[in-house]
Amino acid sequence: MHTSFEIETNIDLIEHHLEDILGLIEADKSDKFSLFRGNIGKALFYSYAFKYTNDINHGTKAIKLIEKSANYLLTGQIKAQNIHLLSTGFTGFGLVINQLKRDEIFDLELEKELAAFDSVLYNTALQEIQQGNVGFMLGPMAAVYYLSQRTLVNPAIEKYLETIVDALWKVAIRDDKGLRYINTFSSTAKPRLDDTVLNLNHGFCGIALVLLEIYRLGICQAKIYTIVNEGIHFLLSCKRPIDFTNGHYSFFPTCIDEQSPIDSEKNQLYYHAILGWCNGDLNQILLLYTAGKAFKNQSYINIAEEVGLASMLRKTPEQTKLKNPYFCHGTSGVAHIYKRIAERSGNDAYLSAHNYWIQQTFDYITEAQTNNSYVESAGHLIDGAMGIALTLLSHISEEELKWDNLLLL
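This structure is a prediction, so every number in the text was calculated from the model and none was measured.

**Remarks on helix 12 (residues 281-295)**
Phase 1 of the analysis: Its 15 residues place the ends of helix 12 21 Å apart at the C-alpha level, agreeing with the 21 Å of an ideal helix rising 1.5 Å per residue.
Phase 2 of the analysis: Of all 15 residues in helix 12, 13 are buried, a share of seventy percent or more.
Phase 3 of the analysis: Positive phi appears at Lys296, one or two residues downstream of helix 12, with a value of about 55°.

Written out as structure tokens, the structure is:
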């Protein structure tokens, strides 16, 4: 419930934008098996539109899209090398089905079909990790995250997770600087990146947030405690002061080339990170608050607060690198993340940033509507209108909408 939230934006205006976006999504003809750019994402959107409006037409569309996606899986059309991926693999579909059940929108009788993929996902994820590919969005950690949600329905998964955590332990680099992972992209991604990646979508932040979910289940707690703490130790070794007068807006880099000096041109570019869901300081704020609460570490919470409150000063395109209303690299994603940071931290100061970026999203929507790409990407989740719409739904809904759980928020 949003009892502590002061909704500063006119609900009629928001619902007007939602109607416009809904029309664009309904006109979208894409028919892909995809979370980010296809039928799985549309099913997610229509499900939460149904939850908010109670319009049976939205619910019917969601069910049809889920059935179509399930048929795609069950007829063996998915590529084996993609099965663990978040957007184009089984994982995105499974996470959506889990979340719709958790939010009591639909309880679909698909357990037999889901169970058939458990061991396949485990073996694929384990193989990727053993090869050193441990990212979230293009790697196996989204599949690990999905498996962590199924421990109650499949007892074998606890052992799967123990083996996966052990594999993550073995492939990590550990020394006096702390723990980190190199080349956290999938083995299918090109070019392969050999730097230390720290962000949510491909790097340590995403890995750690998944591990903290497993920690919460009481599985491998000692080893996860060490991995996350040593990883944060490395992360904090990369923290530098911000200096707006010299264009230094980020405390943390998105990556680090350890073979080059910290003040090298390459590493300095890594500190010029976007304010967003996929990269930058907001990732590390979420991680530090989450780890601080899980481990009862007030130091992490204090650092999260320092970085979090300072991040609210970043508002111009130069300071934020934000130039559109979308979720991944745009204002709606930033607005939504501040909402989640407010909830995770218990600090309502972040709600002012949430409301500010909601307002900025309206301005960018108006600007984007003059561009054909806005219409063409209507059916996209993180880089199109669907992500904007879900953010706006969450902003005005009196009932909590947890669609973003599948994005580690």
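**Things to note about unusual backbone geometry**
Phase 1 of the analysis: Despite not being glycine, Asn54 shows a phi value in the positive range, around 60°.
Phase 2 of the analysis: Relative to the helices and strands, Asn54 is located in the loop between helix 2 (39-53) and helix 3 (56-74).
Phase 3 of the analysis: Phi is positive for Lys321, which is not a glycine, with a value near 65°.
Phase 4 of the analysis: The exposure class assigned to Lys321 is partly exposed, which follows from its relative accessible area of 40%.

**Considering helix 3**
Since the α-helix turns once every 3.6 residues, residues separated by three or four places project in the same direction.
Phase 1 of the analysis: With 19 residues, helix 3 extends 27 Å from end C-alpha to end C-alpha; this agrees with the ideal 27 Å at 1.5 Å per step.
Phase 2 of the analysis: Of the residues making up helix 3, those classed as buried are His58, Gly59, Ala62, Leu65, Ile66, Ser69, Ala70 and Leu73. Looking down the long axis of helix 3, one finds its buried residues gathered within 140° of arc, a one-sided arrangement. Opposite its buried face, helix 3 presents the exposed residues Ile56, Lys64, Glu67 and Leu74, each directed more than 90 degrees away.
Phase 3 of the analysis: At its buried positions, helix 3 is contacted by helix 1 (11-27), helix 2 and helix 4 (90-102).
Phase 4 of the analysis: Between the side-chain oxygen at the start of helix 3 and the backbone nitrogen of Asn57 there is a gap of 2.9 Å, and the oxygen is on Asp55.
Phase 5 of the analysis: Phi for Gly76, located one or two positions after helix 3, is positive at around 70°.

Conventions we followed
- Residues numbered from 1 in each chain as written.
- Predicted model: local features only at pLDDT ≥ 70, side-chain atom pairs only at ≥ 80, totals over all residues.
- Heavy atoms only, no water.
- Helix = DSSP H or I, 4+ residues; strand = E, 2+ residues; numbered from the N terminus.
- Expected span 1.5 Å × (residues − 1).
- Buried < 20%, exposed > 50% of the residue type's maximum accessible area, 1.4 Å probe, protein only.
- Arc of directions from axis to C-beta.
- Contact = heavy atoms within 4.5 Å.
- Polar contact = N/O pair within 3.5 Å; in protein donor to acceptor, adjacent residues only side chain to side chain.

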